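Fold and geometry: a report
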Amino acid sequence: MTTATATTPPRPGFRLDSLARRYLFLIGLIVIASVGFGIANENFYSLANIGILLRSIAVLFLLSMGMTFIMLTGGIDLSVGSNVAFSGGVGVVALTATGSAPLGFAAAVAAGMAIGAINGVFIGRLRLSAFMVTLATYALARGMALVIYDADSINVSDAAFLWLGGVSWGNMPVVIPFVVLVFVALSVLLYGSTFGRDVYAAGSNINTAFVLGRRPERTLVWVYVLSGALAGLSAIITVGRVSSGQPWAGLYLEFDAITAVILGGTSLFGGRGRLLGTILGVLLYGIIINGLVLTGTNPYLQSLIKGMILLGVVLLDTLVQRRTAQ
Amino acid sequence: MTFKRTLASTLALATGFAGTAMAAEDTLDIVFINDGHVAPYHVAWLSGFEDAIEAYDAAFEDVKITGRWLSAEGSLEKMIQQTEVTINEKPDVMFVNAINVDAFEPLVAKAQEAGITWIAVHSPMESADYSFTLGDVENGTNQGRAMCALSGGEAYKVAVMLGQAGNPSGEARREGIMKGIASCDNVEVVAEQPADWDTVKAQSIAENWLTQYPDLDAISGVTDAYMYPSIAIATNSGKDLEFFGYDGDIPILQQMQDGPVKADILLSGTREGWNFVQMAYRLHKGETPEKVYDFFTPLVMSEENHKLALANGFPEDVEVYYVDQALDVAAKGFLEFGPDSVK
Amino acid sequence: MTKQSGTKRLDMKRIGKSFFATRALDEVTFTCHAGEVHALVGLNGAGKSTLMKILGGVYQRDEGEIEIDGAPVEITAPSDAGAQGIAMIHQELSLINELTVSGNIFLGRELRRGRTPFMNTREMAAQVRAQLDRFGLKLDPNRKVAELNSGEKQIVEIIRALMSDAWLIVMDEPTSALSEEDKEMLFDFIRKMKEEGIAIIYISHHMPEIFSIAEQVTVMRDGVIVLSERTAETSEDHVIRSMTGTELDHFVKPHKDITGQTILTVENLTHPGAYEDISFSVHEGEIVVMTGLRGCGAPELAKAIFGLEDGYEGRISYFGRPLKPGRGPAQAVAEGMGLVTENRDKNGILPPLSVRDNIALPYLEKSVKAGLIDGSRIDALVSKAIRDTSTKTASPEQEIRFLSGGNKQKICFSRWLDPDLKLLILLEPTRGIDVHAKADIYRIIEDLAGRGVGILILSYEIDEVIMLADRVLTLYQGETVAEYAYPGFDKDRMLADMAGAGFRAGQGH
């Protein structure tokens, strides 16, 4: 950023920081929620609870980062939750068949990418609506998971396979540094590589990106494949966390991921948003869920509170934006 | 980050002091983590649980009894998270109605390490301290047998609405119902379909069945949640169907005296909620119940139907409550499981 | 509904409006008379749209008064403006494509058959036809709006306004998307409206239009009125000087000799229904302009060259090498071609992204170091592009959607300042752009040509064609009518070619 903004007419100067403003707002909410829950239950700040909190949102972190890429292209991926179950099933079956954890990992990630590739080809190459296509694969992947598992869970005892999702160093689950690594890698991909620019370009105006020779149709395919790969990684973590493959894993996770991405300020119409916002969105979401459990809040109210926070953040943001725009 | 760390350690210290200070008083903290919260059964269950906590806390002055319940809304991930957070809170007893028992094995070990008594709800777990089970196969068999005994000996077509694929409780109930039906030749199962414990899905399935099988005689379900839409649809389309329920929901029991519901299994959410608290209290007092504790679940029929059934060869040793009695204990959980039952 | 021509009907007195610290309008006084066209001109940001939004009830004035027929009125919402008989005809037309002409005109106040809920479509069509006949317009009231061209749509909007008893029509750049033919139709319509006593506020940048049709011209600059005179008593130059506040630096085409090698050769290119048997070539440093009426086939031709279409016969060679049909823009860009499309907002810019990202996109591959984008290289490139095109932007991080039309278009150009660029295809490069930016864009085009880039332009504005071209290709309904080389341009003959006159008279000159 340059300092030129200070001397320009007020309108553009304010607009420039609309995302930054959202992030500050989210950080504020996170602090308020943390302090509030901390007062209500001293256990909230215990290292054990922080470990639990982070571990519980590790999978959501991964899926939401994939969802951020997709929503930056103006798309949506409803299939990620089902894909966690499907790719987990493929991974567990591969593990039991071969006895090799690396083969199991590879199979899970490859299966996730396969669902992503189906989404990507239909959406990017054949130009079908993302909502439609992923709604179909949402059902399809869940169905295949049920078939693979025969609707029952499969126990996993291979220590190597369970390591990522199951092991903690003290209170620090190993999955947390792993998620941080993925975040760094995806940030480099999104902000540092030509692929990342193409993601923004495809979401800003796909026609322009096309005419400029950026091959947005190819970008879309890869974005969905990326989301599928992250679903595969999430599946490995989920299996590790529960020492078994579960046909109903990942149920409704797509909605949590979409919620977190929207909280994080990424536009539903593509082209605007950053990974940092999504991270903050997931964190806020996780803290609220954790805190509501810790404070013994009536479960009837929990959904209500989540809905109100989402609506409140979006509403406030829009109001502030309108005020500065006028 | 440093701020948080300081705060965390300060609070940890505070907790330590508070912990020793509180240990003087005898406390019993019970947490119930349920898989979902959609059916009337759940509502009755959880409110029975809450009422029982209050009643026990008031009845026994020497113990401070507290409790709360959580609902995972059908999501495995959410349930695991809730369980982890709860373990970290160290309650005395946890009732966990696991969406899938395999997924909870690591957490059972963790809870026991923390000194928590883990009671697996409905689906028994080898590793759990206790399992609270419903005798689903036996109950289902009773429902199937009742169907046989009340079908009148002629060809009788029934459609069975199942639970969610892979859910052990639903599978056990199905197994029992089929076993009971197999005890006679005239009852034919024309359709079986899972409705995922979902009332809305049950509605469309019932609609389809009524169109597809115009000569259907009865609908059987593994939960009373399916009965509400099924009865409504049959009534609206003027069909004279009979229903065989499972759960003992009060509104369904009310449909039994001269109504279309012929038999039901008296689980009753309210009763179960009360039974949880009674069990936790007994454990706290040092009693050791069976490792696999079977919830007492009589079959419900009208007196008239019971007689008819007995005449048709229904086994006499099956415990049957008549409708009035069933309604009474279903509404007032304390009759069977209240503080008086353990005083 | 009509008053005698020349009666003062609208009087906006000393209108003032501020947005935060910015004074958008200051003591603006503006009047309209029955049966007259009042042209309102000014550069982007001069305050003319703010003034019109106050008149239309979109904004509220801070100071001043509005009088209609001598009586003060309050216009606090767009519906108030409608009730007062003021109609705004927008650039973005507000018609429903799926309805017929009369369906749109009667939208919301449909005529019914007696007291039944059924519409009397025949009566509605008859009433619309009567209005169209009154103004000598040929348009079928039963046609779907989707089938109409932009000129016809505009007429439907105006008729709708007139049929709701509007006496004042505000038109914002009405000709920006119109062909010469449709422009003439619109001007005839405006003249007829004047005869009927309708008052018209006409917002435009086009001096010839203003001077042929308006009685009064008012120029705004920086929120104040700097000139308001009868058109008969002023001159184009005077108006332009008032708009810009300085002498307009006229663009003068530099002299040059086209001697370089041939970049592009098109031979017998045919796409049934779009263009037929087109042949021409573009040399290094040469500016070739295709012109004609809308529907002459030139945009399709340009897209075929850029590899966006493949259903053609004939041959396109690029540096002597034949190009594969429909090879796609990615290939075209890699070969050193660039395209600036006619519709900036549809496929020219990336609205939510910054100026920087908009400029840098085509250069990304050339700025990669060790797999990652080299930010400093991009920065250098972006600031050079902004400087070279004299784009006005607060900073390179500014989102492009907040720039004016002219500056957006400059950025569409600046993306192609790549040294490897060989051939640039420009579709309507100055559509909807004010005079200031126009001169800048002409200069950029000449600079590129001076560097040896071959340039192929499609323009529908005859003056622009003559000002820019080294060679002109006139097209009529997909066929070449004639080719002209600098300096042998004959405006009248070109216009005749475009209208098909020369074509029918016996194929070319």
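**Some words on the overall build of chain A**
- Regarding its fold elements, chain A presents 14 helices and four strands.
- Summarising its shape, the C-alpha atoms of chain A cover approximately 65 × 55 × 35 Å along the three principal directions.
- Residue pairs in contact within chain A that sit at least 24 positions apart in sequence constitute 78% of those at least 6 positions apart.

**Considerations on the overall build of chain C**
- Assigned secondary structure in chain C consists of 18 helices and 22 strands.
- At 25 Å, chain C has a C-alpha radius of gyration in line with the 23 Å of a compact globule built from 509 residues.
- A principal-axis box enclosing the C-alpha atoms of chain C has dimensions of 70 × 55 × 50 Å.
- By the burial criterion, 45% of the 509 residues in chain C qualify as buried.
- If you take every contact in chain C between residues at least 6 apart in sequence, the share linking residues at least 24 apart comes to 67%.

**As for the confidence of the model for chain A**
Residue and element names in this part refer to chain A.
- When pLDDT is averaged along chain A, the result is 88, and 93% of the positions lie at 70 or above.
- For chain A, per-element mean pLDDT is lowest for helix α1 (residues 10-16), which scores 39, and highest for helix α5 (residues 101-125), which scores 97.
- Long-range and interchain partners of residues 1-16, a stretch whose pLDDT sits below 50, account for 23 contacts in this model, where long-range means more than four residues apart.

**Notes on the sheet that holds strand β2 (residues 22-33) of chain C**
Residues and elements named next belong to chain C.
- Across the sheet, which stays open at both edges, the four strands sit in the order β2-β1-β4-β5 with antiparallel pairing between neighbours. The open sheet is flanked by β2 and β5 (71-73), the only strands paired with a single partner. Averaged over all neighbouring strand pairs, the angle between strand axes comes to 30 degrees, with direction disregarded.
- Direction of pairing for strand β4 (residues 63-68) relative to β5: antiparallel, over a ladder of three bridges. By the bridge assignment, E67 is partnered in β5 with P72.

**Overview of helix α2 (residues 40-59) of chain B**
Residue and element names in this part refer to chain B.
- Look at α2: 28 Å from first C-alpha to last across 20 residues, which is about the 28 Å you get at 1.5 Å a residue.
- For α2, the full list of buried residues reads Y41, A44, W45, L46, G48, F49, A52, I53 and Y56.
- Residues of α2 that are buried in the fold lie against β1 (26-34), β2 (63-71) and α10 (269-284).

**Some remarks on the interface of chain A and chain B**
- Taken together, the contact between chain A and chain B spans 34 residues of the former and 31 residues of the latter.
- With six residues, the top contributor of residues to the side of chain A that touches chain B is helix α3 (residues 47-72) of chain A.

**Comments concerning the pairing of strand β7 (residues 187-194) of chain B**
- Pairing analysis gives seven bridges linking strand β6 (residues 156-162) of chain B to β7 of chain B, with the strands arranged parallel. Paired with K157 of chain B across the strands is E188 of chain B, a residue of β7 of chain B.

**So, helix α2 (residues 18-40) of chain A**
- Across its 23 residues, α2 of chain A extends 33 Å between first and last C-alpha, which sits within 8% of the 33 Å expected from 1.5 Å per residue.
- For α2 of chain A, the complete set of buried residues consists of R22, L26 and F37 of chain A.

**As for the environment of A249 of chain A**
- Among the structural elements, A249 of chain A can be located in the loop between β4 (244-245) and α12 (253-263).
- Overall, the presence of 33 C-beta atoms within 10 Å leaves A249 of chain A in the buried class.
- Distance from A249 of chain A to N83 of chain A, taken between C-alpha atoms, is 9.1 Å for residues 166 residues apart in sequence.
- Excluding its chain neighbours within four sequence positions, the residues that come into contact with A249 of chain A are V84, A85, G88 and T238 of chain A together with L76 of chain B.

**Here we look at the sheet that holds strand β3 (residues 93-96) of chain B**
All names here are of chain B.
- Sheet architecture is open: six strands sit in the order β2-β1-β3-β4-β5-β11, paired in parallel fashion. Strands with a single pairing partner mark the edges of an open sheet, and in this sheet they are β2 and β11 (292-294). Strand-to-strand twist in this sheet, taken as the mean axis angle between neighbours without regard to direction, amounts to 20 degrees.
- The sheet contact formed by β1 and β3 spans four bridges and is parallel.

**Brief notes about the interface of chain A and chain C**
- In this assembly, 29 residues from chain A lie in contact with 33 residues from chain C.
- Taken together, the elements giving at least two residues each to the side of chain A that touches chain C come down to α1, α9 (194-204) and α10 (206-211) of chain A.
- The dominant element in the side of chain A that touches chain C, judged by the number of residues it contributes, is α9 of chain A, at five residues.
- Along the lines of polarity and charge, the residues of the side of chain A that touches chain C split into 11 nonpolar, 13 polar and five charged.

**Focus: the environment of R191 of chain C**
- Mapped onto the elements of the fold, R191 of chain C is located in helix α6 (residues 180-195).
- The spatial distance from the C-alpha of R191 of chain C to the C-alpha of F135 of chain C is 9.2 Å, given a sequence separation of 56 residues.

**A word on the packing of α3 of chain A against helix α3 (residues 76-89) of chain B**
- Contact geometry for α3 of chain A and α3 of chain B: axes closest at 10 Å, N-to-C directions at 175 degrees. With respect to their mutual orientation, α3 of chain A and α3 of chain B come out roughly antiparallel. The segment α3 of chain A lies against α3 of chain B, with A48, N49, I52, S56 and V59 of chain A engaging E77, Q81, E84, V85 and N88 of chain B.

**Re the packing of helix α4 (residues 121-134) of chain C against helix α5 (residues 150-163) of chain C**
Residues and elements named next belong to chain C.
- One way to put it is that α4 packs onto α5 with a least axis distance of 11 Å and a crossing angle of 105 degrees. Here α4 lies roughly perpendicular to α5, going by the angle between them. Between α4 and α5, the residues in contact are V128, Q131 and L132 and I159, L162 and M163, respectively.
- Grouping the amino acids of the contact of α4 with α5 by side-chain chemistry returns five nonpolar, one polar and no charged.

**Focus on unusual backbone geometry**
All names here are of chain C.
- Cis geometry marks the peptide bond from Y486 to P487; its omega dihedral reads 0 degrees.
- Not every positive phi belongs to a glycine, and D222 is a case in point at roughly 50 degrees.
- Here D222 shows up in the loop between β9 (216-221) and β10 (224-230).
- Positive phi outside glycine occurs at E428, with the angle close to 45 degrees.
- Topologically, E428 is positioned in the loop between β19 (423-427) and α15 (435-450).
- Classification of E428 as buried rests on a count of 23 C-beta atoms within 10 Å.

**Digging into the pairing of strand β5 (residues 130-133) of chain B**
- In terms of strand pairing, strand β4 (residues 117-121) of chain B meets β5 of chain B through three bridges, oriented parallel. Bridge pairing in β5 of chain B places V121 of chain B opposite F132 of chain B.

**Digging into the confidence of the model for chain C**
All names here are of chain C.
- Across chain C, the average pLDDT comes to 86, with 95% of residues at or above 70.
- Confidence scores differ between elements of chain C, with helix α18 (residues 501-506) showing the lowest mean pLDDT of 52 and strand β20 (residues 454-458) the highest of 95.
- Ignoring residues within four places in sequence, the model shows residues 504-509, a span with pLDDT below 50, making five contacts including any to other chains.
- The complex model carries a pTM of 0.78, and its ipTM stands at 0.79.

**Quick notes on the environment of N104 of chain C**
Residues and elements named next belong to chain C.
- Mapped onto the fold, N104 is located in helix α3 (residues 101-105).
- The class for N104 is buried, based on 23 C-beta atoms found within 10 Å.
- Considering only alpha carbons, one finds N104 and I190, 86 residues apart in sequence, at a separation of 21 Å.
- In contact with N104, not counting residues within four places along its chain, are L95, I96, L99, V145, V156 and R160.

Procedures and definitions
Residues numbered from 1 in each chain as written. Chains lettered and ligands numbered in written order. Predicted model: local features only at pLDDT ≥ 70, side-chain atom pairs only at ≥ 80, totals over all residues. Helix = DSSP H or I, 4+ residues; strand = E, 2+ residues; numbered from the N terminus. Contact = placed C-beta atoms within 7 Å. Rg over C-alpha atoms; globule rule 2.2 N^0.38 Å. Buried ≥ 20, exposed ≤ 12 C-beta atoms within 10 Å, placed from the backbone. pLDDT = per-residue confidence, 0-100. Pairing = 2+ DSSP bridges. Axes fitted to C-alpha atoms, helices over the stretch in contact; angles between N-to-C directions. Expected span 1.5 Å × (residues − 1). Nonpolar A, V, L, I, M, F, W, Y, C, P; charged D, E, K, R; others polar. Parallel < 35°, antiparallel > 145°, perpendicular 65-115°, else oblique.

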